[in-house]
Amino acid sequence: MKIDIQGIRIRRAVGVAVTTGAVLASGALHAAPAQAAAAPTIVAKGGYVMNNANGKSLYTKAADTRRSTGSTTKIMTAKVVLAQKNLNLDAKVTIQMAYSDYIVKNNASSARLIVGDKVTVRQLLYGLMLPSGCDAAYALADKFGSGTTRSARVKSFIGKMNSEAKKLGLKNTHFDSFDGIGKGSNYSTPRDLTKIASSAMKSSTFRSIVKTKKYTAKTKTKTGSTRTMAPWTNTNTLLSSYSGTIGVKTGSGPEAKYCLVFAATRNGKTVIGTVLASSSATQREKDAKKLLGYGFGKI
């Protein structure tokens, strides 16, 4: 039996040529995948962005490196308050001299609360999150901690902050303060802070507060008259400079540098993230805008 090997080779070659021609005609070989946008370069030492809908990571830079968090700590302060059972947002808290003294001693950011005034829990939350009032943070810790002394109540409240972090499964977060003025062991990471913020944003009250640009509180004075406070302006400038921004919180400090936890919604999709240890207030905003743009491009 004689096999025409050369004929088989020719027929195979023709078959390959026909197949290749069909592929070329259909354009399949030219359908290259779309070029993915390059990950942006940010000045901040740490950064993280995720899809808020499913928790999928969209960007990481030293995302699990522990750093001082400054006033982004106050996201957890607000979360703990809003998690209280039978919370009455209209309950009144009398402003103590200790809160004012604390601000002066630490040269801390302030809601300029007046000693003796009665302020609602809701107003304290606005004072906490918009002007980043450490006096408001102290008042809330004193109100919602347990104990017979102020120091015991504050310690109890910080304990609740750490319990909430554990509930969220966060391994790289610890609080030793109610406002971010730490004592050496107040830290978190871009990933953890983003998760805290995402959880806090499940509260409609929290969402309403952190997207507010300006708020004017009317408090009750010692004599029972109404005091109209100077307006509190949100320190998160993204609310005015980046379309779709819905929060969340700034932070700064000698160790923390400039931090920002941010969130924005566009076309029904929400991107949420954090930058830690940027070089200035202006730069942290630039960093956040880069990461938001990149995040929206990936979902």
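Preceding block: the structure.
So, here's what we can say about the structure. (Residues numbered from 1 in each chain as written. Predicted model: local features only at pLDDT ≥ 70, side-chain atom pairs only at ≥ 80, totals over all residues. Heavy atoms only, no water.)

Before going further, it helps to examine the overall build of the protein chain. Within the protein chain one finds 10 helices and 13 strands. In the protein chain, buried positions account for 47% of the 299 residues. Here the contacts in the protein chain between residues at least 6 apart in sequence split such that 62% fall between residues at least 24 apart. Split by element, the accessible area of the protein chain, about 14800 Å² in all, is 52% carbon and sulfur. (Helix = DSSP H or I, 4+ residues; strand = E, 2+ residues; numbered from the N terminus. Buried < 20%, exposed > 50% of the residue type's maximum accessible area, 1.4 Å probe, protein only. Contact = heavy atoms within 4.5 Å. Areas by Shrake-Rupley, 256 points an atom, 1.4 Å probe, with all protein chains shown as cover.)

Turning our attention to the environment of F144. Within the secondary structure layout, F144 lies in helix α5 (residues 134–144). Each C-alpha atom, one on F144 and one on S156, is 8.5 Å from the other, the two residues being 12 residues apart in sequence. In this structure, F144 is in contact with V81, Q84, L87, V121, F157 and K160, ignoring residues within four places of it in sequence.

This part covers the pairing of strand β1 (residues 46–51). For β1, the buried fraction is high: 6 of the 6 residues fall into the buried class. Burial along β1 is two-sided: G46, Y48 and M50 facing one way and G47, V49 and N51 facing the other are all buried. Pairing analysis gives 6 bridges linking β1 to strand β13 (residues 269–278), with the strands arranged antiparallel. What sits directly across from V49, in β13, is G273. (Pairing = 2+ DSSP bridges.)

Bringing the packing of aromatic side chains into the picture now. Tallying each qualifying case throughout the model produces 7 aromatic pairs. Judged by centre distance (4.9 Å) and plane angle (45°), the rings of Y99 and Y138 are tilted. Placement of the pair is Y99 in helix α3 (residues 97–106) and Y138 in helix α5, with a sequence separation of 39 residues. Across the pair, exposure class does not vary: Y99 and Y138 are buried alike. For the pair Y102 and Y138, a centre-to-centre distance of 5.2 Å together with 75° between the ring planes defines the contact as edge-to-face. Placement of Y102 in helix α3 and of Y138 in helix α5 is noted, with a sequence separation of 36 residues between them. Pair check on accessibility: Y102 and Y138 agree, each one buried. Three or more aromatic residues link up through ring pairs in this structure, and these residues are Y99, Y102, Y138 and F178. (Phe/Tyr/Trp six-rings, centres within 6.5 Å; stacked < 30°, edge-to-face > 60°.)

With an omega of 20°, the peptide bond between G247 and V248 qualifies as cis. Topologically, V248 is positioned in strand β11 (residues 245–253). Residue R112 is not a glycine yet carries a positive backbone phi of 55°. By the element assignment, R112 lies in the loop between α3 and β5 (118–120). Here N267, not a glycine, exhibits a phi torsion of approximately 50°, which is positive. The topology assignment puts N267 in the loop between β12 (257–266) and β13. Residue classification places N267 among the exposed positions, given a relative accessible area of 81%.

On to the layout of surface pockets. Its volume calculated, the largest pocket comes out at about 500 Å³. Only β3 (67–68) and β11 provide two or more residues apiece to the lining of the largest pocket. Class assignment for the residues of the lining of the largest pocket results in 7 nonpolar, 17 polar and 5 charged. Its boundaries defined by the atoms lining it, the second largest pocket holds a volume of some 260 Å³. (1 Å grid on protein atoms, 1.4 Å probe; cavity = no way out; pocket = protein on both sides within 12 Å on 5 of 7 lines; lining within 4 Å. Points joined across faces, edges and corners; volume = space filled by probe spheres on them. Nonpolar A, V, L, I, M, F, W, Y, C, P; charged D, E, K, R; others polar.)

One can describe the packing of α5 onto helix α6 (residues 150–167) by two numbers: an axis separation of 7 Å at closest approach and a directional angle of 95°. Classified by the angle their axes make, α5 and α6 are roughly perpendicular. Residues Y138, L140, A141, D142 and F144 of α5 touch α6, and the partners they reach there are R150, R153, V154, F157 and K160. (Axes fitted to C-alpha atoms, helices over the stretch in contact; angles between N-to-C directions. Parallel < 35°, antiparallel > 145°, perpendicular 65-115°, else oblique.)

So, on to the packing of helix α4 (residues 121–129) against α5. Orientation of α4 relative to α5, taken along the N-to-C sense of each, is 140°, at an axis distance of 8 Å. The orientation of α4 relative to α5 falls into the category oblique. Pair α4 / α5 crosses with left-handed handedness. For the pair α4 and α5, contact is made by V121, L124, L125, G127 and L128 and by A136, A137, A139, L140 and F144, respectively. (Left-handed = near helix turned anticlockwise from the far one by under 90°.)

Shape is all these values report; function is a separate question.
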